[in-house]
Amino acid sequence: MYPYPSTATHFAGGIWYSFPRQGACDASPTGAADCTYSYSWPPEDISLAELQGSTKQSFWGEVDDEDDSANAARVQAAADLFKQKYPRSEDLDTPPCDFNYNKFWN
């Protein structure tokens, strides 16, 4: 079902991405079937171990998964760690989604 997930989550503003192999391209994405996204290598990433190291406990801890404010704090901790590790990385805007479910599946 699109959009996914079709029910409320406890991560406000969360976005689910899918990166099919055949959609990768070297230039700016055009939206064509063979050019829906691009990436750089090696990737800029953070690991769960790095997140745990910043808190000296399990990143997920004993917090209720349905606690919206705790989940927002987790997302912010990840964003802060990424910015600390990659201070020159540009802030990316959420790209618009023009996916048409009926056109794709019909």
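Note that the structure is predicted; figures quoted are calculated from it, not measured.

> Residue-level account of a nonpolar patch on the surface, with values.
On the surface, a cluster of nonpolar side chains totalling about 360 Å² of accessible area is made up of F11, L48, W60 and V75. Residue position: V75 is located in helix α2 (residues 68–85). Relative accessible area serves as the criterion here: at 48%, V75 is assigned to the partly exposed category.

> Give a detailed account of the packing of aromatic side chains, specifying residues and quantitative values.
Summed over all chains, the structure comprises three aromatic pairs. Members of the aromatic cluster, each reached through a chain of ring pairs, are F19, Y37 and Y39.

> Before we move on, can you summarise the pattern of salt bridges with the specific residues and values?
Any two side chains of opposite charge can pair, given that their charged atoms come close. Inspection of the entire model under this criterion finds two salt bridges. Here K85 and E50 are joined by a salt bridge, their closest N and O atoms 2.8 Å apart. You can see K85 sitting in helix α2 and its partner E50 sitting in helix α1 (residues 48–55), a full 35 residues away along the chain. Relative accessible area serves as the criterion here: at 34%, K85 is assigned to the partly exposed category. The salt bridge partner of K83 is D91, with a shortest N-O separation of 3.3 Å. Looking at K83, the relative accessible area reads 36%, which means it is partly exposed.

> Go over the environment of S28, please, and point to the residues and values.
Its location among the elements puts S28 in the segment before α1. The class of S28 is exposed, set by a relative accessible area of 59%. Linking S28 and Y39, residues 11 residues apart in sequence, is a C-alpha distance of 9.4 Å.

> Break down unusual backbone geometry for me, citing the residues and quoting the values.
In the segment running from W41 into P42, the intervening peptide bond is cis, with an omega of 0°. Here P42 shows up in the segment before α1.

What counts and what doesn't
Within every chain, residues take consecutive numbers counted from 1 along the sequence as written. Only residues with pLDDT of 70 or above have their local features reported here, since the model is predicted, and side-chain atom pairs are shown and tallied only from 80 upward, although totals for entire chains, interfaces and linings are computed over all residues. Side-chain measures were taken over the full set of non-hydrogen atoms in the model, leaving aside hydrogen atoms and water. The patch calculation keeps residues exceeding 30% relative accessible area without a salt bridge and links them within 9 Å when they carry like charges or within 5 Å when they are nonpolar (Val, Leu, Ile, Met, Phe, Trp, Tyr). Exposure was quantified through the Shrake-Rupley algorithm and a 1.4 Å probe, taking into account, for residues, occlusion by the shown protein chains and nothing else. Should a side-chain nitrogen of Lys or Arg be within 4 Å of a carboxyl oxygen of Asp or Glu, the pair is scored as a salt bridge. Only DSSP runs of H or I reaching four residues or more are called helices, and only runs of E reaching two or more are called strands; each is numbered from the N terminus. Throughout, exposure labels follow a simple rule: accessible area from a 1.4 Å probe, protein chains only, divided by the maximum for the residue type, with under 20% read as buried, over 50% as exposed, and the rest as partly exposed. Aromatic contacts are taken between Phe, Tyr and Trp rings whose centres are within 6.5 Å, Trp giving its six-membered ring; a plane angle under 30 degrees counts as stacked, one over 60 as edge-to-face, and the others as tilted.

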